[in-house]
Protein chains: 2
Amino acid sequence: MKKDYSKSAIELHKKYKGKLSTVSLAKLQNKDDLSVLYTPGVAAVSLAIAKDKKLARVLTMKGRTIAVVTDGSAVLGLGNIGPEAALPVMEGKSVLFKEFGGLDSVPIVLGTQNVEEIISIVKAISPGFAGINLEDISAPRCFEIESRLIEELDIPVMHDDQHGTAIVVLAALINSLKITKKKAEDVKVVISGAGAASTATLKLLLKAGVKPKNVLILDSKGIIHIKREDLNNEKINLCKLSNGKHEGGDLEKALIGADVFIGMSMGNILKKEWVETMNDNPIIFALANPVSEISYEDALKTKAKVIGTGRSDHPNQINNVLAFPGVFRGAIDSGAKRITDKMKIAAAHAIASLVSKVELSKGIIIPDPFNKKVAKSVAAAVAKAK
Amino acid sequence: MKKDYSKSAIELHKKYKGKLSTVSLAKLQNKDDLSVLYTPGVAAVSLAIAKDKKLARVLTMKGRTIAVVTDGSAVLGLGNIGPEAALPVMEGKSVLFKEFGGLDSVPIVLGTQNVEEIISIVKAISPGFAGINLEDISAPRCFEIESRLIEELDIPVMHDDQHGTAIVVLAALINSLKITKKKAEDVKVVISGAGAASTATLKLLLKAGVKPKNVLILDSKGIIHIKREDLNNEKINLCKLSNGKHEGGDLEKALIGADVFIGMSMGNILKKEWVETMNDNPIIFALANPVSEISYEDALKTKAKVIGTGRSDHPNQINNVLAFPGVFRGAIDSGAKRITDKMKIAAAHAIASLVSKVELSKGIIIPDPFNKKVAKSVAAAVAKAK
């Protein structure tokens with residue numbers, strides 16, 4: 001039986017009133033301390049920055065603090081539950097930034113879901129931050145918010161639901177291809193789901209060598225192809241990035257002869273017998289959470305060579321925490337103004353390379369999230385790729 | 001010679017990259033911890049709040065975290081130096097909230113000085129916070145920003161430059177009147193300066209018993225009176241709250257027969273010989289910082305009975321830190337939606353009462369900021385006054 005963490009989560013959050021706290025790095029015990037941390041001494045620090053704004057990066061928390069920004073519109077799999085209900089997730093994210101990336105981080109939960117308002121608010125608060133992690137903002141709004149902020153700000157901005165997921169999927173795929181002795185250029189990939197994470201994953205896989213003609217991406221209506229008349233602009237764009245033969249059809253059809261299934265959609269949509277129609281040694285990433293596209297137990301009964309999941313209670317959890325702390329850390333340490341595709345691909349290779357040749361097996365395609373080397377290796381690779 | 005903290009302040013801020021940091025209150029050492037702090041467990045916390053938003057106060061940092069918001073337009077005495085340069089001051093303020101009030105706190109430094117934008121940004125980020133401390137925002141913009149936010153939000157909002165100062169001045173006055181055996185109802189008060197802090201101080205003194213007819217308030221052009229043609233709306237309003245006889249004139253004239261001088265203006269404007277024209281046992285609060293209206297050494301040579309300053313290197317420092325941590329703490333602990341005048345007056349009396357009858361003397365009219373009882377007493381008094 002799966003472990004239920006609900007009760008202990010409620011208890012812990014009640015005990016601490018959430019979990020993120022602020023502290024002083026310097027001691028404050030007497031008037032001298034006060035005069036250095038605050039007035040009158042702090043005036044010298046403010047004046048130095050007033051003369052040269054760049055000094056804020058070395059003299060204030062701006063040099064090491066990420067804003068985790070959400071509007072609460074697409075929180076976990078819970079949907080549009082609003083800013084207050086999103087806060088526990090954002091506090092958690094901030095804790096992960098600190099524990100894994102050594103970065104300070106502050107949740108900013110917004111009481112507006114208007115795209116223009118969100119963009120101008122994030123721009124307005126940006127002077128205090130080293131980077132902006134957008135989180136749990138629904139598609140298609142997340143695309144415009146992220147692209148505009150990347151364009152208009154000179155600090156790294158990343159929507160983690162898109163790119164954090166894409167990076168870890170790519171890392172998992174890199175190692176899965178080693179096990180199955182296949183090449184990115186050759187594999188046929190089926191992506192179930194056409195939301196933010198799927199779209200970013202598709203784009204990153206293409207940058208990493210997968211061919212557009214070899215990819216099929218599906219939404220709830222089936223394979224996305226140019227003749228469909230129900231496509232929004234984002235999905236029309238996906239047609240150019242996939243489906244070279246302009247095929248239509250459902251998931252069952254899409255899977256025939258496929259090498260890789262990437263599920264980012266909903267639970268229980270992948271049947272065991274469909275896996276059998278895939279190419280030899282198929283790779284199955286069933287990432288819907290908490291209910292996977294195919295249960296881990298069922299997947300084990302198929303010919304799948306590698307199985308990745310979205311759950312911490314199964315092997316090979318495709319977990320964003322492997323990526324975002326190191327990605328931001330590397331971008332900030334190197335003074336990068338943007339997180340580029342080159343940096344994301346470098347991050348994926350860094351994650352993949354932490355599974356040694358000896359360990360690499362169908363049960364171990366990605367490192368454990370508590371492997372202390374992960375964030376450091378990712379940060380170094382991202383900084384180098386700047 | 002006055003101690004110069006500039007060098008040690010720069011060194012400390014360079015060492016720590018500022019001074020405010022974020023930490024996890026709960027341990028994160030293994031996958032079980034991760035499942036409770038973050039997914040999947042955190043979903044239960046989010047769902048509980050989605051059903052009842054009020055639970056955010058007990059299950060998240062919202063219940064204990066203050067946003068310290070500035071636009072960098074009036075930072076210390078340094079003027080309009082912008083958000084980055086304001087950040088060291090705001091980090092300091094956040095540290096004081098934690099160390100003195102036990103409240104977590106996050107600096108939000110804004111890259112806009114537009115009143116409407118600031119109001120809508122603060123409203124948008126408010127779902128994540130227990131209270132809003134406005135800081136170092138220039139007059140008259142600060143008045144509208146504060147009053148609109150108080151009106152439109154259901155969490156405590158206070159512009160500390162105004163009300164924190166007013167509360168501590170009132171506390172100091174309460175004890176000074178005990179020493180000089182005078183009553184608030186009877187004293188003639190001269191306030192030098194007509195900015196945000198002076199205005200709030202005037203209003204609070206009136207609520208505490210000082211008579212409008214007994215107060216003169218001066219700007220750089222002299223006593224404010226209704227016949228002057230250079231007054232903006234804020235200053236026209238001050239005419240109704242002061243100067244019963246519609247007197248004109250300069251500071252020298254204003255001081256004749258006055259019992260209390262409150263300086264919130266600029267350095268070296270109060271001459272020793274003018275103090276001699278005041279009523280017997282005059283009270284001098286020379287709060288301009290770092291250069292006082294009259295130097296402490298010069299004030300000692302006059303007949304002044306009580307001298308208060310704005311500097312930590314002299315006795316009787318009128319220091320906001322005596323007020324704001326306890327004021328917010330009391331308001332939040334009691335679930336107050338606003339910080340009322342009644343609560344501010346209660347805070348002033350709580351601060352004043354911490355100087356015992358034995359201690360009370362011209363050298364000790366207010367408690368030491370490191371007196372651990374201050375914030376607790378203030379918080380209790382504020383909560384009781386709700």
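Residues numbered from 1 in each chain as written. Chains lettered and ligands numbered in written order. Predicted model: local features only at pLDDT ≥ 70, side-chain atom pairs only at ≥ 80, totals over all residues. Heavy atoms only, no water.

A closer look at the pattern of salt bridges
This model, assessed by the stated rule, comprises 48 salt bridges over all chains. In this structure, the salt-bridge partner of B:Asp341 is B:Lys344, at a minimum N-O distance of 3.4 Å. In this pair, B:Asp341 and B:Lys344 are both assigned in helix α15 (residues 341-353), three residues apart and thus about one turn of the helix distant. Residue B:Asp341 is classed as partly exposed on the basis of its relative accessible area, which comes to 31%. When its relative accessible area of 9% is taken as the criterion, B:Lys344 is described as buried. In this structure, a network of salt bridges that share partners links the residues A:Glu116, A:Lys123, A:Glu144, A:Arg148 and A:Glu152. (Salt bridge = Lys/Arg side-chain N within 4 Å of Asp/Glu carboxyl O. Helix = DSSP H or I, 4+ residues; strand = E, 2+ residues; numbered from the N terminus. Buried < 20%, exposed > 50% of the residue type's maximum accessible area, 1.4 Å probe, protein only.)

Considering helix α16 (residues 373-384) of chain A
What sets the pattern is the α-helix's 3.6 residues per turn: residues three or four places apart point alike. Residue and element names in this part refer to chain A. Between the first and last C-alpha of α16 there are 16 Å, a value that for twelve residues agrees with the 16 Å anticipated at 1.5 Å per step. Along α16, the residues that are buried comprise Val374, Ala375, Val378, Ala379, Ala381 and Val382. Looking at the buried positions of α16, the neighbouring elements they touch are α5 (82-101), α14 (324-333) and α15 (341-353). (Expected span 1.5 Å × (residues − 1). Contact = heavy atoms within 4.5 Å.)

What about a negative patch on the surface?
Residues and elements named next belong to chain A. A contiguous patch of negative charge, built from Asp250, Glu252, Glu273 and Glu276, is present on the exposed surface. Inspection of the secondary structure assignment puts Asp250 in the loop between α10 (233-240) and α11 (251-255). The exposure class of Asp250 is partly exposed, given its relative accessible area of 42%. (Patch = residues over 30% accessible without salt bridge, like charges linked within 9 Å, V, L, I, M, F, W, Y side chains within 5 Å. Areas by Shrake-Rupley, 256 points an atom, 1.4 Å probe, with all protein chains shown as cover. Lys, Arg positive; Asp, Glu negative; His and termini not counted. Charge placed at Lys NZ, Arg CZ, Asp CG, Glu CD.)

Quick look at the nonpolar core
B:Val189, B:Ile262, B:Phe285, B:Val327 and B:Ile351 are the most contacted members of the largest nonpolar core, which totals 100 residues. Sort the elements by how many residues they give to this core and helix α8 (residues 160-180) of chain B lands first, with eleven residues. If we ignore the near neighbours within four places in the chain, the residues touching B:Val189 are B:Leu205, B:Val210, B:Asn214, B:Val215, B:Leu216, B:Val260 and B:Ile262. Counting 98 residues, the second-largest nonpolar core is a separate cluster that includes A:Val95, A:Val189, A:Phe324 and A:Val378. (Core = buried A, V, L, I, M, F, W, Y, C linked by side-chain atoms within 4.5 Å.)

Some details on the sheet that holds strand β2 (residues 65-70) of chain A
All names here are of chain A. With parallel pairing, four strands are arranged side by side in an open sheet as β3-β2-β4-β5. Among the strands making up the open sheet, the edge pair consists of β3 (104-109) and β5 (157-159). Each adjacent strand pair in this sheet contributes to an overall mean axis angle of 20°, direction not counted. Sheet analysis places β2 next to strand β4 (residues 131-134), joined by four bridges and oriented parallel. Note on β4: the bridge partner recorded for Ala67 is Ile132. (Pairing = 2+ DSSP bridges. Axes fitted to C-alpha atoms, helices over the stretch in contact; angles between N-to-C directions.)

So, the interface of chain B and chain A
The partner chain A presents 89 residues to the 89 residues of chain B that form the contact. For the pair chain B and chain A, the two sides together bury roughly 8400 Å², of which 70% comes from carbon and sulfur. When the buried surface of chain B facing chain A is broken down by residue, B:Thr22, B:Tyr38 and B:Glu84 rank first, second and third, together holding 8% of it. Remark: the boundary between chain B and chain A carries three salt bridges. The partner of A:Glu91 in a salt bridge is B:Arg64, and the shortest N-O contact between them spans 3.8 Å. For the side of chain B that touches chain A, the element with the most residues is helix α5 (residues 82-101) of chain B, which contributes 14 residues. Examined bridge by bridge, strand β1 (residues 20-24) of chain A and strand β1 (residues 20-24) of chain B share five bridges and lie antiparallel to one another. (Buried area = accessible area lost by both parts, 1.4 Å probe.)

Here's the deal with empty space enclosed by the protein
For the structure on display, the rule yields four cavities of 30 Å³ or more. If you add up the space inside the largest cavity, you get close to 100 Å³. Surrounding the largest cavity, A:Thr39, A:Pro40, B:Lys3, B:Tyr5, B:Asn289, B:Gly310, B:Arg311, B:Ser312, B:Asp313 and B:Gln317 form its lining. Of the residues in the lining of the largest cavity, the class split is two nonpolar, five polar and three charged. Its volume calculated, the second largest cavity comes out at about 80 Å³. Residues that form the lining of the second largest cavity fall into these classes: three nonpolar, five polar and two charged. (1 Å grid on protein atoms, 1.4 Å probe; cavity = no way out; pocket = protein on both sides within 12 Å on 5 of 7 lines; lining within 4 Å. Points joined across faces, edges and corners; volume = space filled by probe spheres on them. Nonpolar A, V, L, I, M, F, W, Y, C, P; charged D, E, K, R; others polar.)

Comments concerning the sheet that holds strand β9 (residues 260-263) of chain B
All names here are of chain B. Pairing is mixed in the open sheet, where six strands are placed in the order β8-β7-β6-β9-β10-β11. Sheet topology places β8 (222-223) and β11 (306-309) at the edges, where each strand pairs with a single neighbour. In this structure, strand β10 (residues 283-286) lies alongside β11, joined through four bridges in parallel fashion. In the sheet register, Ile284 faces β11, and the bridge partner there is Ile307.

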